[in-house]
Amino acid sequence: MSTTLSPETQKPVRILNAAVIVAALGYFVDIYDLLLFGIVRTDSLKDLGITGDAIRNQGEFLISMQMFGMLFGGILWGILGDKKGRISVLFGSILIYSVANIANGMVTTVDGYAFWRLIAGIGLAGELGAGITLVTESLPKEKRGYGTMIVASVGVSGAVVAYLVYQIFQDWRLCYYAGGVLGLLLLFLRISISESGMFKKVQESDEKKGDFLSLFTDKKRFSKYIQCILIGIPLWFLVGVLITFSPEFAKALDVQGFETIAAGKAIAWCYGGLVFGDIASGLLSQWLKSRKKVMYMFLTFNLIMVFMFLNAFGISASTFYLLCFIMGFSVGYWVLFVTIAAEQFGTNIRATVTTTVPNFVRGSLPLIIIIYGFFRDTVFEGDILKSAMIVGTLLSVISILALWKLKETFHTDLNYSENETQPFV
């Protein structure tokens, strides 16, 4: 059962307000750090004395450690976001991943690297959910899609900047230091934003807040929560497997000059496409006044691009990078995916949901890698192309079925609370 909160003041709200700007910049540094490891993976591991196939194996291990951190951090920050506030989580997460970034630049062993990727993952887990929750609650329903679009499109460009910074410095340690300093500078913007009115009203009530377990005690709520997670998984398969290990796929596809294919460059091209995809999906959603229709379009396009990528035999290196760009565009529904999650649940657990959902998607990568590895090593005896095709298709079908079960949320008012019996006053 849900009830409506008392309405916000009806004064005009600017789309590009302080909350949107800080959330966008925070997500920018978040993505910078999140994807920086993929960009410097090979060079950093070589510098630590890792060679041969161990680079791939240790790379998978480090990515998994980062994602485990994000799983734990997603739950931690989500609960804190509903109990203590969106802003405290926004800046607390920025502080932790900034310190972890600097520490990553100082590691001398793989074990040390793994520990700080774990800590970085915990810090990275909070920023997006807190930012999107704050933005959706600060803007009227007819404008909030524009706000989340700005946050996502500015944020994902951090991956492109991470690649450019690496090209300039040519030193993976300096790249980590740069990310840490950028994050710490963001903390000075804390004075410019305030909590959303919706959260303040919930905070003043007796309603139970940040109850993570409540997502599992009601069948309808649990189903909705799982569906929100499933619709985002194809994106992270594409980024975490196809793009991150693009040199291996380029070799299997016999790309011309595959020896020159660099994962960092592929990530930069992919996220360059993702920026435009987020803008396109956000605008389409506003024009069509529908989240689900646009999600269907992008999920279908993404599956088509996965097939094209895994069958692009003998193409040139430049065409390979172009495919990475288009694939990035095809998963530009990230902004819609997170917005849909925020719009599905009441204010008292909205931060919990909006923070845990994208991090469970990111945190699903170790499981995706295990499934992919099973097909690669057992079923298809080393054929990474067939293995990726099967896994990509399976995840896409699951996501489309999950989306079908979710309700349209474009016109949803967010001023309500889950399981509330008395209206807020």
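Heads up: the structure comes first, above all this text.
Thresholds, definitions, all that
- Residues numbered from 1 in each chain as written.
- Predicted model: local features only at pLDDT ≥ 70, side-chain atom pairs only at ≥ 80, totals over all residues.
- Heavy atoms only, no water.
- Helix = DSSP H or I, 4+ residues; strand = E, 2+ residues; numbered from the N terminus.
- Buried < 20%, exposed > 50% of the residue type's maximum accessible area, 1.4 Å probe, protein only.
- Contact = heavy atoms within 4.5 Å.
- Patch = residues over 30% accessible without salt bridge, like charges linked within 9 Å, V, L, I, M, F, W, Y side chains within 5 Å.
- Areas by Shrake-Rupley, 256 points an atom, 1.4 Å probe, with all protein chains shown as cover.
- Salt bridge = Lys/Arg side-chain N within 4 Å of Asp/Glu carboxyl O.
- Expected span 1.5 Å × (residues − 1).
- Bend = angle between axes of the 7 residues up to and from the residue.
- Core = buried A, V, L, I, M, F, W, Y, C linked by side-chain atoms within 4.5 Å.

Caption draft 1: The overall build of the protein, seen in detail. Secondary structure assignment for the protein yields 17 helices and two strands. Taken over the C-alpha atoms alone, the protein extends approximately 65 × 40 × 35 Å along its principal axes. Expressed as a percentage of its 425 residues, the buried residues of the protein come to 60%. Partitioning the intrachain contacts of the protein with sequence separation of at least 6 by distance along the chain shows that 85% fall at a separation of at least 24.

Caption draft 2: Summary view of the side chain of glutamine 227. By secondary structure assignment, the location of glutamine 227 is in helix α8 (residues 219-230). For glutamine 227, a relative accessible area of 15% translates into the label buried.

Caption draft 3: Region of interest: a nonpolar patch on the surface. There is a patch of nonpolar side chains on the surface, built from Leu16, Ile21, Leu25 and Val154 and spanning about 290 Å² of accessible area. Mapped onto the elements, leucine 16 comes out in the loop between β1 (2-4) and α1 (18-47). With a relative accessible area of 47%, leucine 16 lands in the partly exposed category.

Caption draft 4: Representation of helix α16 (residues 365-379) within the structure. Under the 1.5 Å per step criterion, the end-to-end length of α16 is 20 Å for 15 residues, consistent within 8% with the ideal 21 Å. Regarding α16, the residues found buried are Leu365, Pro366, Ile368, Ile369, Tyr372, Gly373, Phe375 and Arg376. The inward-facing, buried residues of α16 abut α2 (54-83), α9 (233-243), α10 (246-252), α15 (347-363) and α17 (384-405). Just downstream of α16 lies glutamate 381, where phi reads positive at about 50°.

Caption draft 5: How the structure looks around α1. Taking 1.5 Å per residue as the helical rise, α1 with its 30 residues ought to reach 44 Å, and the 41 Å between its terminal C-alpha atoms agrees with that figure. A bend of about 65° at arginine 41 is the largest found in α1. A large share of α1 lies buried, amounting to 23 of its 30 residues. Phi turns positive, to about 95°, at glycine 49, one or two residues after α1.

Caption draft 6: Broad picture of the pattern of salt bridges. The tally for this structure, following the rule as stated, stands at seven salt bridges. Its salt-bridge partner being glutamate 343, residue arginine 291 comes within 2.7 Å of it at the nearest N-O pair. Placement of arginine 291 in the loop between α11 (263-288) and α12 (292-309) and of glutamate 343 in helix α14 (residues 334-343) is noted, with a sequence separation of 52 residues between them. For the residue pair arginine 291 and glutamate 343, the accessibility class agrees, reading buried in each case.

Caption draft 7: Structural context of the nonpolar core. Tyr113, Leu242, Phe249, Tyr271 and Phe320 are the most contacted members of the largest nonpolar core, which totals 131 residues. With 17 residues, α1 is the largest single contributor of residues to this core. Leave out the neighbours within four places in its chain, and tyrosine 113 touches Phe37, Val40, Ser44, Leu45, Leu48, Leu62, Asn104, Val107, Trp172 and Tyr176.

Caption draft 8: Geometry of the side chain of threonine 244. In this fold, threonine 244 is placed in the loop between α9 and α10. Residue threonine 244 is classed as buried on the basis of its relative accessible area of 6%. Discounting chain neighbours no more than four positions away, the residues touching threonine 244 are Arg41, Ile63, Val239 and Ala263.

Caption draft 9: Region of the structure containing the environment of isoleucine 15. Along the polypeptide, isoleucine 15 turns up in the loop between β1 and α1. Each C-alpha atom of the pair isoleucine 15 and serine 138 lies 9.2 Å from the other, and the pair is 123 residues apart in sequence. With near-sequence residues (within four places) excluded, isoleucine 15 lies in contact with Val20, Leu139, Lys143, Tyr146, Gly147 and Ile150.

Caption draft 10: A look at the environment of histidine 411. Take histidine 411: it is sitting in the loop between α17 and β2 (416-418). Between the alpha carbons of histidine 411 and lysine 141 there is a distance of 6.5 Å; along the sequence they are 270 residues apart. When neighbours within four sequence positions are excluded, histidine 411 is seen to be in contact with Lys141, Arg144 and Lys289.

Limitation: the analysis is restricted to geometry and does not speak to function.
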